[in-house]
Amino acid sequence: MNIYLPIELPYSYSALEPYIDKKTMYVHFNEHYLGYIKKLNSLLPARVPIQSLIKNIDKYSVDIRNNAGGYFNHSLFWQMLTPFNPFSSNEPPLLVKNIIIRDFGSVYNFKQQILEKAKKRFGSGWVWWILRPTGDTIIIETPYQDNPLMKNPNIKILLGIDVWEHAYYLQYQAKRETYINNIWNVINWNYPNRVLLENK
Ligand code: MN3
């Protein structure tokens, strides 16, 4: 079967509470994420590995771009979150922390820069922390379901934060800033840690 498949959510819908509530996660996964996948499967006649599809997206229609991006971005995003642990302050591991301090001065500045990009993104999109081929890391934002790999296939994704209203509106309404400040409690630092280790 030539179809794109969802990843399994690596935790329960309620695991990110109180920072991302169960209903938001349920709707986000089942309606938005599965919706992109269903649409992508109906649009693309033959299976192209999702990574190559993303890296060559300019050859495809806007519809394929949006739904392939929606599929790819969320498949990453679910893995970049981790169940809330009330006994942990969820600090980045040493390697991640050192890179953040090298490139942003402090973890506080890093989070502020992510927040500023998230606030600046008018309408729907994503904020990303990426590793460039030059070895340094930067924060960028993309519109809609675009992914940084669409423009530069040589970067590595360290983190991505969904700033579409559907990611937070049920719980936070228009308070995107509160959503971003709270998400640090459930960010899976092992994700960028693994990417940084692989690209040392
Ligand atoms: Mn989303």
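Structural notes, computed from the coordinates.

### Considering the sheet that holds strand 2 (residues 137-143)
No. 1: On the basis of which strands lie adjacent, the open sheet formed by 3 strands has the order 2-1-3 and antiparallel pairing. Each having just a single partner strand, strand 2 and strand 3 (156-162) make up the two edges of the open sheet. Geometrically, the sheet is characterised by an average inter-axis angle of 25° between neighbouring strands, direction not taken into account.
No. 2: In this structure, strand 1 (residues 125-131) lies alongside strand 3, joined through 6 bridges in antiparallel fashion. Within the sheet, the bridge partner assigned to Leu131 lies in strand 3 and is Lys156.

### Side note on the coordination of the manganese ion
Coordination angles at a metal have ideal targets, namely 109.5 degrees for four tetrahedral donors and 90 or 180 degrees for six octahedral donors.
No. 1: Donor atoms from the polypeptide that bind the manganese ion are His28 (NE2), His74 (NE2), Asp162 (OD) and His166 (NE2), placed at 1.9 to 2.1 Å.
No. 2: Mapping the donors of the manganese ion onto the primary sequence gives the spacing H-x45-H-x87-D-x3-H. Of the two residues, His28 is situated in helix 1 (residues 22-43) and His74 in helix 3 (residues 62-79); the sequence distance between them amounts to 46 residues.

### So, the packing of helix 1 against helix 3
Geometrically, a packed helix pair is captured by the angle between its two axes and the distance between the axes.
No. 1: Running from amino to carboxyl end, helix 1 crosses helix 3 at an angle of 140°, the nearest separation of the two axes being 8 Å. One way to sum up the angle between helix 1 and helix 3 is to call them oblique. Every pair of crossing elements has a handedness; the one defined by helix 1 and helix 3 is left-handed. Contacts from Met25, His28, Phe29, Tyr33, Tyr36, Ile37, Lys39, Leu40 and Leu43 of helix 1 reach helix 3 at Asp63, Ile64, Asn66, Asn67, Ala68, Gly70, Tyr71, His74, Ser75, Phe77 and Trp78.
No. 2: For the contact of helix 1 with helix 3, a count of residues per class yields 12 nonpolar, 6 polar and 2 charged.

Rules of the game
- Residues numbered from 1 in each chain as written.
- Predicted model: local features only at pLDDT ≥ 70, side-chain atom pairs only at ≥ 80, totals over all residues.
- Heavy atoms only, no water.
- Pairing = 2+ DSSP bridges.
- Helix = DSSP H or I, 4+ residues; strand = E, 2+ residues; numbered from the N terminus.
- Axes fitted to C-alpha atoms, helices over the stretch in contact; angles between N-to-C directions.
- Donors = N, O, S within 2.8 Å, 3.2 Å for Na, K, Ca; no water.
- Parallel < 35°, antiparallel > 145°, perpendicular 65-115°, else oblique.
- Left-handed = near helix turned anticlockwise from the far one by under 90°.
- Contact = heavy atoms within 4.5 Å.
- Nonpolar A, V, L, I, M, F, W, Y, C, P; charged D, E, K, R; others polar.

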